[in-house]
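Residue strings, one per chain:
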Amino acid sequence: MGRKSRKNPTDPGAKMPPGHPFYDLIEEAYRAFDGYKPSDVDVCTDCCMSKAIEADFFRPNIEDLPLDYLKEWFGAACATEGVRKDIWSYLLPRTLEVLAMGEEPKYVGIEVSLSRFDTGNPSHWSDRQWRVLDRFQRRFMQSSSPSSGAWRYHSLDEILCMFTLGGWQLDDLWSQVMALADEQLVERLYQDWCGTFGDYGTIDVTEFWAKPDKARVREFYTSEQLRQRLETIALSDSADAEIAAKASAVVSVIDKSM
């Protein structure tokens, strides 16, 4: 597997600097998931992971695990049911840090980043660990946007898919979307559906969705609840003129998709 070499071989890559909005949360993640190192990587090492990386994988402290190593691990095949909890728990804080830094642990897309274990099921975690995961999910949903320059931009649909494949409940995630401030909701949907695809616009849905969830999320995007909220913003005398125009454009995309 081809990998880009880091300019500084001692720099693990995608490390979060103090002052970053996620810094305190990631530091807490490392503390909450601190434990022993697993005995093996629990992925294919016959043809997927290089022997050199396999041999060196557990030498660095987890917070210094090179991004190249993490990507190699995510690129290696695992059992269809996923990986063991011990290796997932070990890698999870570094994975969260990489995501918050705008990187994708797996080359194919952000959507599969949390899917190798039922991450969004609170019964798998201690109260402290779940508080970290819950806060990360909610903050990532709020913060990852076109205007947040510290992160690589991902569409709202990709983020919803990532957390759904990771075990979070889609209904709860959608409730969080509907709880976004009017301006933030409009900007997100306009960027995803109009900014990327021009004036005509389209509801773009990632192919990583499982078929039943893909149908459900399309229903959310074309729901009367969402349409009415956007139309209210578009027609509001108190709304910013640019936001109102963008809301109107998003309503048009919904109408064309119904």
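Here the structure is shown first, and the text comes after it.
Read on for a plain summary of the structure. (Residues numbered from 1 in each chain as written. Predicted model: local features only at pLDDT ≥ 70, side-chain atom pairs only at ≥ 80, totals over all residues. Heavy atoms only, no water.)

## Focus: the overall build of the protein
Check the secondary structure of the protein and you find 11 helices and 0 strands. Secondary structure elements of the protein occur, N-terminal to C-terminal, as α-α-α-α-α-α-α-α-α-α-α. Relative to the 2.2 N^0.38 estimate, which gives 18 Å for 258 residues, the radius of gyration of the protein is 20 Å and therefore close to what a compact globule would have. Oriented by its inertia axes, the alpha-carbon framework of the protein measures out at about 60 × 40 × 40 Å. In the protein, which comprises 258 residues, the proportion classed as buried is 50%. (Helix = DSSP H or I, 4+ residues; strand = E, 2+ residues; numbered from the N terminus. Rg over C-alpha atoms; globule rule 2.2 N^0.38 Å. Buried < 20%, exposed > 50% of the residue type's maximum accessible area, 1.4 Å probe, protein only.)

## Some remarks on the packing of helix α7 (residues 170–178) against helix α9 (residues 211–221)
Packing of α7 against α9 brings their axes to within 12 Å, and their N-to-C directions diverge by 25°. As far as their axial angle goes, α9 and α7 are roughly parallel. Judged by the twist between their axes, the crossing of α7 over α9 is right-handed. Contacts between α7 and α9 involve Leu170, Asp171 and Trp174 from the first element and Asp213, Arg216, Phe220 and Tyr221 from the second. (Axes fitted to C-alpha atoms, helices over the stretch in contact; angles between N-to-C directions. Parallel < 35°, antiparallel > 145°, perpendicular 65-115°, else oblique. Left-handed = near helix turned anticlockwise from the far one by under 90°. Contact = heavy atoms within 4.5 Å.)

## Structural notes on helix α11 (residues 241–257)
Over its 17 residues, α11 extends 25 Å from the first C-alpha to the last, a length consistent with the 24 Å expected when each residue adds 1.5 Å. Summarising the contacts, the buried residues of α11 are in contact with α8 (182–195), α9 and α10 (224–235). For α11, the side-chain oxygen to backbone nitrogen distance between the N-cap and Glu242 is 3.0 Å, and the N-cap itself is Asp240. (Expected span 1.5 Å × (residues − 1). Polar contact = N/O pair within 3.5 Å; in protein donor to acceptor, adjacent residues only side chain to side chain.)

## Brief notes about the nonpolar core
One finds Phe57, Trp73, Phe136, Leu160 and Trp193 to be the most contacted residues of the largest nonpolar core, which totals 77 residues. Ranked by residues supplied to this core, first place goes to helix α4 (residues 85–100) with 9 residues. Apart from residues lying up to four places away in sequence, Trp73 is in contact with Val41, Val43, Met49, Phe57, Val83, Ile87, Trp88, Leu91 and Arg116. (Core = buried A, V, L, I, M, F, W, Y, C linked by side-chain atoms within 4.5 Å.)

## Some thoughts on the pattern of salt bridges
On inspection of all chains with the given rule, the structure shows 19 salt bridges. Between Asp86 and Arg84 there is a salt bridge, and its shortest N-O distance comes to 2.9 Å. On the accessibility criterion, Arg84 (30% relative accessible area) is partly exposed. Each member of the salt-bridge network shares a partner with another, and the members are Asp40, Asp42, Arg84 and Asp86. (Salt bridge = Lys/Arg side-chain N within 4 Å of Asp/Glu carboxyl O.)

## Details of the side chain of Ser223
Along the chain, the position of Ser223 falls in the loop between α9 and α10. A residue is classified by how much of its surface remains accessible, and Ser223, at 15% relative accessible area, is buried. Separated by 3.2 Å, the side chain of Ser223 and the backbone nitrogen of Leu226 make a polar contact.

## Details of a negative patch on the surface
Together, Asp24, Glu27, Asp34, Glu63 and Asp64 make up a region of like negative charge exposed at the surface. Locating Asp24 in the fold gives a position in helix α1 (residues 23–32). Its relative accessible area of 57% is what places Asp24 among the exposed residues. (Patch = residues over 30% accessible without salt bridge, like charges linked within 9 Å, V, L, I, M, F, W, Y side chains within 5 Å. Areas by Shrake-Rupley, 256 points an atom, 1.4 Å probe, with all protein chains shown as cover. Lys, Arg positive; Asp, Glu negative; His and termini not counted. Charge placed at Lys NZ, Arg CZ, Asp CG, Glu CD.)

Shape is all these values report; function is a separate question.
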